[in-house]
Amino acid sequence: QVQLVESGGGLVQAGGSLKLSCAASGRTFSRYAMGWFRQAPGKEREFVAAISWNGGSISYVDSVKGRFTISRDKSKNTVVLQMNSLKPEDTAVYYCAADGRPYTNVVVSTSVAYWGQGTQVTVSS
């Protein structure tokens, strides 16, 4: 059974930091781009960050550039999102995602093969 399991969410004050981890099990994702999406209450799910299959290409939504960092450890089949200088507008459920197309640089929501269950991030003002 393939699973993506997120951890590391929680409550933090504005300006603080959180580190989200996504552990994949059931198969290896070394040939696939992985990323993070988020969904705030009453809003659609949006792309946050992605890292290519080989780690050589990284992309972020403009609102998190300079504050969030995505990385992956192929040996551990994990993806990490380090979030610094958090703002109240970062409050959302964060989802880990694995693209279903091999050897790609981006994660497209319509091509996601696996989603995690989500982890809540709440940033208080």
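Residues numbered from 1 in each chain as written. Predicted model: local features only at pLDDT ≥ 70, side-chain atom pairs only at ≥ 80, totals over all residues. Heavy atoms only, no water.

1. Some thoughts on the packing of aromatic side chains
- Taken as a whole, this structure holds six aromatic pairs when the rule is applied.
- Summarising the aromatic geometry, the rings of F29 and Y32 are spaced 6.5 Å apart at their centres and angled 75° between planes, so their arrangement reads as edge-to-face. Of the two residues examined, F29 and Y32, each falls in the buried class.
- Ring centres 5.1 Å apart and planes at 70° place the aromatic pair F37 and W115 in the edge-to-face group. Remark: W115 occurs in strand β10 (residues 112-115) and F37 occurs in strand β4 (residues 32-39); sequence separation between them is 78 residues.
- A cation over a ring is seen here: R45 above Y95, with NZ or CZ 3.9 Å from the ring centre.
- Its end group placed over the ring of W115, R45 keeps NZ or CZ at 4.4 Å from the ring centre. (Phe/Tyr/Trp six-rings, centres within 6.5 Å; stacked < 30°, edge-to-face > 60°. Buried < 20%, exposed > 50% of the residue type's maximum accessible area, 1.4 Å probe, protein only. Helix = DSSP H or I, 4+ residues; strand = E, 2+ residues; numbered from the N terminus. Lys NZ or Arg CZ within 6 Å of the ring centre and 35° of its normal.)

2. Let's talk about the environment of G8
- For G8, the position within the fold is in the loop between β1 (3-7) and β2 (10-13).
- Measuring from C-alpha to C-alpha, the distance between G8 and K76 comes to 17 Å, with 68 residues separating the pair along the chain.
- The residues contacting G8, other than those within four sequence positions of it, are L18, K19 and L20. (Contact = heavy atoms within 4.5 Å.)

3. Some words on the sheet that holds strand β7 (residues 68-73)
- Overall, antiparallel pairing links the four strands, which are arranged β1-β3-β8-β7 in an open sheet. Unpaired on one side and paired on the other, β1 and β7 mark the two borders of the sheet. When the angles between neighbouring strand axes are averaged without regard to direction, this sheet yields 15°.
- Bridge count for β7 against strand β8 (residues 78-83) is six bridges, and the pairing is antiparallel. Looking at β8, one finds that F68 is bridged to M83. (Pairing = 2+ DSSP bridges. Axes fitted to C-alpha atoms, helices over the stretch in contact; angles between N-to-C directions.)

4. Examining the state of the cysteines
- Tallying each qualifying case throughout the model produces one disulfide.
- Residue C22 pairs covalently with C96 via a disulfide, S to S 2.1 Å. Classification of the bridge connecting C22 and C96 rests on its S-S torsion, roughly -80°, and on that basis the disulfide is left-handed. Here C22 is found in strand β3 (residues 18-25), whereas its partner C96 is found in strand β9 (residues 92-102), with 74 residues between them in sequence.
- Relative accessible area serves as the criterion here: at 0%, C96 is assigned to the buried category. (Disulfide = S-S within 2.5 Å.)

5. Some details on the nonpolar core
- Core analysis: the largest hydrophobic core is formed by 28 residues, its most contacted members being W36, F68, L81, M83 and Y94.
- For this core, the secondary structure elements donating two or more residues are β3, β4, β5 (46-51), β7, β8, β9 and β11 (119-124).
- When residues no more than four places from it in sequence are discounted, the contact partners of M83 are G16, S17, L18, L20, R67, F68, Y94 and V121.
- In this structure, A33, A50, A97 and V107 belong to the second largest nonpolar core, which totals six residues. (Core = buried A, V, L, I, M, F, W, Y, C linked by side-chain atoms within 4.5 Å.)

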